[in-house]
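# Observations on the three-dimensional arrangement
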Amino acid sequence: MNGVETIATAAQATGYRVEAIVRDYAFADVLDQSAATRKVPLVAFTQTPPSYRSAALAVVEGNGGEELRLVREHRALGAPLLFVIEGNNVAVWQVRSIDPPRLLERSNLAELPALFDRNRETWSPDAIHRAKSVGAVEKGNQLDFVDLGLLPAIEGEIHAKLDRLLVETLAAATQAQGGRNLDMRLLFRVVFRLLAAKVLQDRGHPYAQSWNTDDLLSVLKAIESYYSLATMPVGPRRTVPPAFNAAWDRLRQGISFSNISADDLAFVYENTLVTPEARKLFGTHSTPRQVAEYIVRRLELHKHRPEDLKIYEPFAGAGVFLVSALRHVRDLLPVDWSDQQRHDFLIKHLAGDEIDTFACEVACLSLILADYPNHNGWHIGEADLDRKSVV
């Protein structure tokens, strides 16, 4: 058994689910200016779907003593532990956001099972998951080897790069339109489908094999089927306007979505695409992501049993509070739950109402993105709560 498989076996014995141990994992190095895609032989995640938020430990192969550089190059993966294998030797490093990486231990392949067993309590998926998700607000859940500054650093770069990519996508669509005004509602719906397609494609989801990447009509039909969405009236005789082909071409060239947390994509989708002009036109309000995150964090949801939580957002707007709450509640669910189990729980415990039809649609689409890879099931009620309160 080689070093990678030895660590995979040891990780599974420590509690990591088979489907959460991913081989040949690709991720965008968002902490590097080029945002180049890197690949590692193995990553163990605390839960699925994989992302930098749930990355726990990773394996790379050394190449002649350049361990410090190797560890720094893999910061954007989000795993607090990096195992560097060289021959029969293994070095375990703590990955840090700003400070130099810290060597935790040196071992050899034969000693790895005993090393994992000795660190079972702190290397388990549950311990690392709670340290990464709850440790920032509840110091009792902090682990010495988890740098709490790493996730915010990655998140900030991801949001900046996603925002830039969406702005460029909109610009490409506008330019291809040739000066004619774009239907903003239609554009919003189409871009959702394009983002959803890119997520499925970049993550290697089996459903991505059902469409022809070079045929946008095929892509749109497939996403509509997957999420049970209404068919898009994209053009006469179901032809795709040049604006949407241009948007898809630009999006496909952007950074890989394979390691991006789905809720990050939902936040940027809502904030970037619903421009100030669109908000004014449709009367759709929104809250900055940072404000929503601050308020939801102050609720200290982690101090409650998940089954006791019922989260309702009146005047939901574009759903930014619900997307934030979704992530926080999802982090509290057992790490051994499947994606479907988490989805079934979340759609029963999160709800909202909003008077504006367009905002309801925005909120639902944002929740769908944040809940990858699950099918639809979200519903934001359309209601005039002010009128109800008067009556």
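Please refer to the structure placed before this passage.
The notes below deal with the structure included here.

Here we come to the packing of aromatic side chains. According to the stated counting rule, one finds twelve aromatic pairs in the structure shown. When the ring of Tyr 207 is compared with that of Trp 211, the centres are 6.3 Å apart and the planes differ by 70°; the resulting orientation is edge-to-face. In this structure an aromatic cluster arises from ring pairing among Phe 188, Phe 192, Tyr 207, Trp 211, Tyr 226, Tyr 227, Tyr 269 and Phe 358. Lying across the ring of Phe 257, Lys 198 places its NZ or CZ 4.8 Å from the centre.

With that settled, consider the environment of Ser 228. Mapped onto the fold, Ser 228 is located in the loop between α8 (216–226) and α9 (242–252). Along the chain, Ser 228 and Pro 101 lie 127 residues apart, while their C-alpha atoms are 46 Å from each other.

If you add up the space inside the largest pocket, you get close to 670 Å³. In terms of lining, the largest pocket is formed by 37 residues, of which the most central are Arg 53, Lys 132, Ser 133, Arg 327 and Asp 331. Contributing elements (two or more residues each) for the lining of the largest pocket: α5 (125–133), α6 (150–176), α10 (262–273), α12 (289–298) and α13 (320–332). Its residues assigned to classes, the lining of the largest pocket shows 15 nonpolar, ten polar and twelve charged. Approximately 350 Å³ is the volume attributed to the second largest pocket. Lining the second largest pocket are 20 residues, with Val 22, Pro 49, Pro 50, Arg 203 and Tyr 372 sitting closest to its centre. For the lining of the second largest pocket, the element with the most residues is strand β1 (residues 21–28), which contributes four residues. For the lining of the second largest pocket, the residue count by class is eight nonpolar, five polar and seven charged.

On the surface, Val 291, Tyr 294 and Ile 295 cluster together into a nonpolar patch covering about 270 Å² of accessible area. On the secondary structure map, Val 291 appears in helix α12. Assessed through its relative accessible area of 38%, Val 291 is described here as partly exposed.

Glancing now at unusual backbone geometry. Between Thr 48 and Pro 49 the backbone carries a cis peptide bond, its omega angle lying at 0°. Cis rather than trans, the peptide bond between Tyr 372 and Pro 373 has omega equal to 5°. Inspection of the secondary structure puts Pro 373 in the loop between α15 (357–370) and β9 (381–382). At Asp 24, a residue that is not glycine, the phi angle is positive and equals roughly 50°. Positionally, Asp 24 belongs in strand β1. In this structure, Phe 315 takes a positive phi of about 50° despite not being glycine.

Time to look at the sheet that holds strand β6 (residues 102–108). Spatially, β1-β2-β3-β4-β5-β6 is the arrangement adopted by the six strands of the open sheet, whose pairing is mixed. Only two strands of the sheet have a single partner each, and these edge strands are β1 and β6. For this sheet, the mean angle separating the axes of adjacent strands, direction not counted, is 30°. Where β1 meets strand β2 (residues 37–45), seven bridges bridge the pair, whose relative direction is antiparallel. Of the residues in β2, the one forming a bridge with Ala 26 is Lys 39.

A separate point is the packing of α10 against α15. Each pair of packed helices gets described by two things: the angle between the helix axes and the distance between those axes. Direction vectors running N to C along α10 and α15 enclose 155°, while the axes themselves pass 7 Å from each other. If you check the angle between α10 and α15, you find them roughly antiparallel. In this structure, α10 meets α15 at a crossing whose hand is right-handed. Along the contact surface, α10 presents Ala 262, Asp 263, Leu 265, Ala 266, Tyr 269 and Glu 270, while α15 presents Val 362, Leu 365, Ser 366, Leu 369 and Ala 370. Taken together, the residues that form the contact of α10 with α15 break down as eight nonpolar, one polar and two charged.

If you check which residues of α12 are buried, you get Arg 289, Ala 292, Glu 293 and Val 296. Seen end-on, α12 carries its buried residues on one side only, within an arc spanning 100°. Away from the buried face of α12 by more than 90 degrees, exposed residues Gln 290 and Arg 298 are located. Against α6, α10 and α13 lie the buried residues of α12. Of the residues trailing α12, Glu 300 is marked for its positive phi of about 50°.

This next bit is on the environment of Ala 196. Within the secondary structure layout, Ala 196 lies in helix α7 (residues 184–202). By relative accessible area, Ala 196 is classed as buried at 2%. Residues Ala 196 and Thr 37, spaced 159 residues apart in sequence, show a C-alpha to C-alpha distance of 19 Å. Among all residues touching Ala 196, those that are not within four sequence positions of it are Ile 223, Tyr 227 and Leu 369.

Scoring rules and cut-offs
Residues numbered from 1 in each chain as written. Predicted model: local features only at pLDDT ≥ 70, side-chain atom pairs only at ≥ 80, totals over all residues. Heavy atoms only, no water. Phe/Tyr/Trp six-rings, centres within 6.5 Å; stacked < 30°, edge-to-face > 60°. Lys NZ or Arg CZ within 6 Å of the ring centre and 35° of its normal. Helix = DSSP H or I, 4+ residues; strand = E, 2+ residues; numbered from the N terminus. 1 Å grid on protein atoms, 1.4 Å probe; cavity = no way out; pocket = protein on both sides within 12 Å on 5 of 7 lines; lining within 4 Å. Points joined across faces, edges and corners; volume = space filled by probe spheres on them. Nonpolar A, V, L, I, M, F, W, Y, C, P; charged D, E, K, R; others polar. Patch = residues over 30% accessible without salt bridge, like charges linked within 9 Å, V, L, I, M, F, W, Y side chains within 5 Å. Areas by Shrake-Rupley, 256 points an atom, 1.4 Å probe, with all protein chains shown as cover. Salt bridge = Lys/Arg side-chain N within 4 Å of Asp/Glu carboxyl O. Buried < 20%, exposed > 50% of the residue type's maximum accessible area, 1.4 Å probe, protein only. Pairing = 2+ DSSP bridges. Axes fitted to C-alpha atoms, helices over the stretch in contact; angles between N-to-C directions. Parallel < 35°, antiparallel > 145°, perpendicular 65-115°, else oblique. Left-handed = near helix turned anticlockwise from the far one by under 90°. Contact = heavy atoms within 4.5 Å. Arc of directions from axis to C-beta.

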